Amino acid sequence: MSDHKIEPTKKDNPADRYGVVVTEKGPYLVYGRPPLNLQSIRLGPRPGGPGFEEGTRFEMRTDPTALCRCGASRRKPYCDGTHATTAWDPTLTAPMQETTAGRTVIEGATLTLEDNPRRCTLARFCQAEGDVRSLVGRSDEPESRRRAVHEAELCPGGRLTARDRQSGEPFEILYEPSLGLIEAPSIGASGGLWLRGGITLRREDGRTYAARNRVVLCRCGRSADKPFCDGTHASVKWRDGLEERVPEPATEG
Ligand code: FES
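The rules behind the values
- Residues numbered from 1 in each chain as written.
- Predicted model: local features only at pLDDT ≥ 70, side-chain atom pairs only at ≥ 80, totals over all residues.
- Heavy atoms only, no water.
- 1 Å grid on protein atoms, 1.4 Å probe; cavity = no way out; pocket = protein on both sides within 12 Å on 5 of 7 lines; lining within 4 Å.
- Points joined across faces, edges and corners; volume = space filled by probe spheres on them.
- Helix = DSSP H or I, 4+ residues; strand = E, 2+ residues; numbered from the N terminus.
- Nonpolar A, V, L, I, M, F, W, Y, C, P; charged D, E, K, R; others polar.
- Domains from an automatic or database assignment.
- Buried area = accessible area lost by both parts, 1.4 Å probe.
- Salt bridge = Lys/Arg side-chain N within 4 Å of Asp/Glu carboxyl O.
- Polar contact = N/O pair within 3.5 Å; in protein donor to acceptor, adjacent residues only side chain to side chain.
- Expected span 1.5 Å × (residues − 1).
- Buried < 20%, exposed > 50% of the residue type's maximum accessible area, 1.4 Å probe, protein only.
- Contact = heavy atoms within 4.5 Å.
- Phe/Tyr/Trp six-rings, centres within 6.5 Å; stacked < 30°, edge-to-face > 60°.
- Lys NZ or Arg CZ within 6 Å of the ring centre and 35° of its normal.
- Core = buried A, V, L, I, M, F, W, Y, C linked by side-chain atoms within 4.5 Å.

Colleague: Can you walk me through the layout of surface pockets in this structure?
Modeller: To locate leftover empty space, one rolls a probe as large as a water molecule over the atoms. Of the voids in this model, the largest pocket is the one considered here, and its volume is about 380 Å³. Residue lining of the largest pocket: 18 residues in total, with Glu114, Gly158, Thr161, Glu172 and Arg212 positioned closest to the centre. Only strand S6 (104–107), strand S7 (111–115) and strand S8 (160–164) provide two or more residues apiece to the lining of the largest pocket. A breakdown of the residues in the lining of the largest pocket according to their chemical character gives 3 nonpolar, 5 polar and 10 charged. Taken together, domain 1 (14–86 + 187–244) and domain 2 (104–164) each give at least three residues to the lining of the largest pocket, which thus spans both.

Colleague: Got a minute to help me understand the domain arrangement of the chain in this structure?
Modeller: Often the size quoted for an interface is simply the accessible area lost on bringing the parts together. As assigned here, the chain comprises domain 1 (14–86 + 187–244) and domain 2 (104–164). On a C-alpha basis, the centres of domain 1 and domain 2 stand 24 Å from each other. Buried surface at the junction of domain 1 and domain 2, summed over both partners, amounts to about 1500 Å²; 57% is from carbon and sulfur atoms. The three residues of domain 1 that bury the most area against domain 2 are Leu43, Pro50 and Arg214, which together make up 37% of that side's buried surface. Asp225 is the salt-bridge partner of Arg118, the closest N and O atoms lying 2.8 Å from each other. Put simply, domain 1 and domain 2 have 9 residue pairs in polar contact (both at pLDDT 80 or more) between them. Looking at which element gives the most residues to the side of domain 1 that touches domain 2, the answer is strand S12 (residues 214–217), with 3 residues. Of the residues in the side of domain 1 that touches domain 2, the class split is 11 nonpolar, 5 polar and 5 charged.

Colleague: So what exactly am I meant to see when it comes to helix H2 (residues 142–154) here?
Modeller: For the α-helix, the turn length of 3.6 residues means that residues three or four positions removed from each other point alike. Between its terminal C-alpha atoms H2 stretches 18 Å, which fits the 18 Å expected from 13 residues at 1.5 Å a residue. Those residues of H2 not exposed but buried are Ser144, Arg145, Ala148, Val149, His150, Glu151, Ala152, Glu153 and Leu154. Of the surrounding elements, those touching the buried residues of H2 are strand S4 (51–57), S7, helix H1 (132–137), S8 and S12.

Colleague: Can you help me understand unusual backbone geometry in this one?
Modeller: Peptide bonds are trans in most cases, and residues, glycine excluded, mostly fall at negative phi. Along the chain, Lys76 connects to Pro77 via a cis peptide bond; the corresponding omega equals 10 degrees. Tracing the sequence through the fold places Pro77 in the loop between strand S5 (65–67) and S6. Residue Pro227 is reached from Lys226 by a cis peptide bond, and omega for that bond is 15 degrees. Along the chain, Pro227 falls in the loop between S12 and helix H3 (232–236). Positive phi, close to 55 degrees, is recorded for Arg33, a residue that is not glycine. If you trace the backbone, Arg33 turns up in the loop between strand S2 (28–31) and strand S3 (36–42). Here Arg33 falls in the partly exposed class, since its relative accessible area comes to 42%.

Colleague: How do you make sense of the packing of aromatic side chains when you look at a structure like this?
Modeller: Where two aromatic rings form a pair, the distance of their centres and the angle of their planes describe that pair. Scanning the entire structure with this criterion turns up 4 aromatic pairs. Between Phe52 and Trp194 the ring centres are 4.3 Å apart and the planes differ by 35 degrees, which places this aromatic pair in the tilted class. One end of the pair, Phe52, is in strand S4; the other, Trp194, is in strand S10 (residues 189–196), with 142 residues separating them in the sequence. Side by side, Phe52 and Trp194 carry an identical accessibility label, which is buried. Members of the aromatic cluster, each reached through a chain of ring pairs, are Phe52, Phe125, Tyr175 and Trp194. The residue whose ring lies beneath Arg119 is Phe228, and the NZ or CZ to ring-centre distance is 4.1 Å.

Colleague: Which parts of the structure should I look at to understand the nonpolar core?
Modeller: As a rule of thumb, soluble globular proteins bury nonpolar side chains together. Ranked by size, the top nonpolar core spans 28 residues in total, and within it Val20, Leu67, Leu179, Leu193 and Leu195 carry the most contacts. Counting residues per element, the ones that place at least two in this core are strand S1 (19–22), S2, S3, strand S9 (178–184), S10 and S12. Excluding its chain neighbours within four sequence positions, the residues that come into contact with Leu193 are Tyr28, Leu36, Leu67, Leu179, Gly180, Leu181, Val215, Val216, Leu217 and Arg219. Listed in part, the 15 residues of the second largest apolar core include Phe52, Ile173, Ala189 and Trp194.

Following this line, the structure appears as structure tokens:
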């Protein structure tokens, strides 16, 4: 069983310190200077099993700091204004409220697995140590149960949530409020902007999306479910070039 069973954001409401505003036709405006690091997906054999490897820290010298969401800035992860001249569709198409449409629940021996395909970001942790659905089915075996919980709680976009079948309690990693720039070296692509720890996400008009412990926003500019990542970055092999670059300081603009 995971030792990360928690009630996300119960003790410490990160909305008091940090926030992200998705502008209608431009960047993400990040308030409060939360930590921002590269987060590389590691699926292969490694100590501790599959997970994220934290990389370079990017500074937020201004408050707010504008981060690119069109995918074309030459100063990634920061916005350089290119969204005004590049060809992309900034339309925010995702509903403000979470819906249950398309969701399924798999009942296993000791676990249940909620599956919301709309939140898939193609991180592929669900296959890292065996197919998560098969593992849930065999969750009366301690090792299968451990792997199923670990794979589900690693899912960065929150497509998968494992719950103890008896208590109904979800398994969630307790993330500090922070942002991540997802990299997926195994498929040669970069992913979205990872909001962790319940950071508030809202639109310019003040409407707020449901706060979640883990959610991924599109930063390649190609998602059909903006502001959320829908995995399109993987099929177009979008690269941000950040793993090869020394970060530059953020400046106004
Ligand atoms: S970053 Fe995933 S679809 Fe754009």
